[in-house]
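Observations on the three-dimensional arrangement
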Amino acid sequence: MTNPKIGGKPALMVTSCDAIEVSDQERIACGLHIASRGLSSAMADAVTPHGLSGMEANLLLKLDKGLNSPSEIATYLGIDASNLSRLMRKMQEAELIRREVDPTNRSRVIIELTAQGKRLVKKIKPDVREMEKNVMSVLTAKELTTLQKILMKMCVSVLEG
């Protein structure tokens, strides 16, 4: 027997949290994990035509929003310093970002988009926003507001330990 499909994906990906007996907390964690992986996959699908991975696009988009501290960026991307360093090196070699020493604090590095990086961000933004709109379209405005509040509480909890 083959797995039924939902939106072209095996239904097991969507229903796996219900397939086994688990606690409510485990079911929620499972759902968040699957939703997160799905969102990452949708991001990758949206930016692959531009020659980027989802993580590369997220880095460019964070820089476009004004984040320029490696520690802030690593937190927002959910990666450690060594992975961020590797990612930034690749993006710097592609001439999409530049790293400079902060003139006001020589121990601090500032990450910025290059002109080429800014042009690429302009190209990917509409595709990323459309993907986000499609993913979120299953939720009402009230559900989106509630989800945002819940996720903020969870993020604070995770960051505070």
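Residues numbered from 1 in each chain as written. Predicted model: local features only at pLDDT ≥ 70, side-chain atom pairs only at ≥ 80, totals over all residues. Heavy atoms only, no water.

1. Concerning helix α2 (residues 24-47)
Definition in use: The helix and strand labels rest on DSSP assignments: H or I over at least four residues marks a helix, E over at least two residues marks a strand, and numbering proceeds from the N terminus. What a helix is expected to span follows from its residue count: subtract one and scale by 1.5 Å. When a residue's accessible area, from a 1.4 Å probe over protein chains only, is under 20% of the maximum for its type it is buried; when over 50% it is exposed; and in between it is partly exposed. Contacts are assigned to residue pairs that have any heavy atoms within 4.5 Å of one another.
In this model α2 runs 34 Å from its N-terminal to its C-terminal C-alpha over 24 residues, within 8% of the 34 Å that 1.5 Å per residue would give. Listed in full, the buried residues belonging to α2 are A42, M43, A46 and V47. Packing partners of the buried residues in α2 comprise α3 (54-64) and α6 (115-136).

2. Overview of the pattern of salt bridges
Defined as follows: By convention in these notes, a salt bridge is any Lys or Arg side-chain nitrogen within 4 Å of a carboxyl oxygen on Asp or Glu.
Inspection of every chain in the model, using the stated rule, returns six salt bridges. Close ionic contact of K90 with E56 constitutes a salt bridge, the shortest N to O distance being 2.8 Å. Of this pair, K90 sits in helix α5 (residues 81-93) while E56 sits in helix α3; the two residues are 34 residues apart in sequence, bridging distant segments of the chain. A relative accessible area of 5% means that E56 is categorised as buried. Bridged by salt links that share partners, the residues R98, E100 and E112 form one connected network.

3. Concerning the pairing of strand β4 (residues 105-113)
Threshold: Pairing between strands is defined by DSSP: at least two bridges between the two strands are required.
Two elements, strand β3 (residues 97-102) and β4, share six bridges in a ladder whose sense is antiparallel. Bridge pairing links R98 to E112 in β4. Hairpin connection, β3 to β4: the antiparallel pair is bridged by two residues.

4. What to know about the nonpolar core
Convention followed: Definition used in this section: a nonpolar core is a set of buried Ala, Val, Leu, Ile, Met, Phe, Trp, Tyr and Cys residues joined via side-chain atoms within 4.5 Å.
The biggest cluster of nonpolar side chains holds 28 residues, and the ones touching the most others in it are L52, L59, L60, I73, L84, M91 and I97. Excluding residues within four positions of it along the chain, L59 makes contact with I73, L77, L84, L87, M88, M91 and I97.

5. Details of unusual backbone geometry
Residues other than glycine seldom take positive phi values, yet E95 does so here, at roughly 60°. Within the element layout of this structure, E95 appears in the loop between α5 and β3. Judged by relative accessible area, which is 54%, E95 ranks as exposed.

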